[in-house]
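# Close look at the chain arrangement
Okay, here's what each chain looks like letter by letter:
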Amino acid sequence: QVTLVESGGGLVQAGGSLRLSCAASGRTFSYSRMGWFRQALGKEREFVGAEGWSGRTADYGDFVKGRFSIFRDNAKNTVYLQMNSLEPEDTAVYYCAAGTGAVFNYWGQGTQVTVSS
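The paragraphs below set out a description of the structure included in this document. (Residues numbered from 1 in each chain as written. Predicted model: local features only at pLDDT ≥ 70, side-chain atom pairs only at ≥ 80, totals over all residues. Heavy atoms only, no water.)

## Regarding the packing of aromatic side chains
For any pair of aromatic rings, the description consists of the separation of the ring centres together with the inter-plane angle of the planes. With the rule as written, the count across this model stands at 5 aromatic pairs. Here Phe37 and Phe47 contribute two aromatic rings whose centre-to-centre distance is 5.5 Å and whose plane-to-plane angle is 70°, an arrangement assigned as edge-to-face. In this pair, Phe37 is assigned in strand S4 (residues 33-39) and Phe47 in strand S5 (residues 46-52), connecting sequence segments 10 residues apart. A ring pair is formed by Phe37 and Phe104, whose centres lie 5.2 Å apart and whose planes are at 80°; its orientation type is edge-to-face. Pair noted here: Phe37 is in strand S4 and Phe104 is in strand S10 (residues 103-107), with a separation of 67 residues, a long-range link. By relative accessible area, Phe37 is classed as buried at 12%. According to the relative accessible area criterion, Phe104 is buried, its value standing at 12%. (Phe/Tyr/Trp six-rings, centres within 6.5 Å; stacked < 30°, edge-to-face > 60°. Helix = DSSP H or I, 4+ residues; strand = E, 2+ residues; numbered from the N terminus. Buried < 20%, exposed > 50% of the residue type's maximum accessible area, 1.4 Å probe, protein only.)

## A look at the sheet that holds strand S7 (residues 68-73)
The strand order S1-S3-S8-S7 describes an open sheet built from 4 strands, whose pairing is antiparallel. With partners counted over all chains shown, the strands left at the sheet margins are strand S1 (2-7) and S7, one partner each. Strand-to-strand twist in this sheet, taken as the mean axis angle between neighbours without regard to direction, amounts to 20°. By the bridge criterion, 6 bridges tie S7 to strand S8 (residues 78-83) in an arrangement that is antiparallel. When the bridges of S8 are listed, Phe68 appears paired with Met83. (Pairing = 2+ DSSP bridges. Axes fitted to C-alpha atoms, helices over the stretch in contact; angles between N-to-C directions.)

## Details of the state of the cysteines
Across all of its chains, the model carries 1 disulfide by this definition. Here Cys22 is linked by a disulfide to Cys96, with a sulfur-sulfur distance of 2.0 Å. Across the S-S bond of Cys22 and Cys96 the torsion is about -80°, and the bridge reads as left-handed. Of the two residues, Cys22 is situated in strand S3 (residues 18-26) and Cys96 in strand S9 (residues 92-100); the sequence distance between them amounts to 74 residues. A residue is classified by how much of its surface remains accessible, and Cys96, at 0% relative accessible area, is buried. (Disulfide = S-S within 2.5 Å.)

## Brief notes about the pattern of salt bridges
For side chains of opposite charge, pairing can occur when their charged atoms come near one another. Counted according to the given criterion, the structure contains 4 salt bridges. Asp90 is the partner of Arg38 in a salt bridge, and the nearest nitrogen-oxygen pair spans 2.8 Å. With Arg38 in strand S4 and Asp90 in the loop between S8 and S9, the pair connects residues that are 52 residues apart, well separated along the chain. With respect to class, Arg38 is no different from Asp90; both count as buried. Through salt bridges that share partners, Arg38, Glu46, Arg67 and Asp90 make up one connected network. (Salt bridge = Lys/Arg side-chain N within 4 Å of Asp/Glu carboxyl O.)

This is the structure in structure tokens:
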């Protein structure tokens, strides 16, 4: 079993920044990739980005447009999502996920990000 715990969400004004954290515990050897998804109220879940555990280049959803970046601290089993130039459209619950390739088997409980205009 793998447990993922997100933190760092909150309220921010448009144009501001937030950094989300996701700490993993348990059978951390059972996955090779960690990523972030988000779900806005009334919308489907959306891929934000994911990083290879070995440090290979991360990939991102088209809407990111260079505003977000993912990086991780292997020693802490933690992955981060740095979000800059936030827009009201970025308001959503952000979820951390872990898995292999394109399959994410483990999910966190989510953290709310609200961007005010």
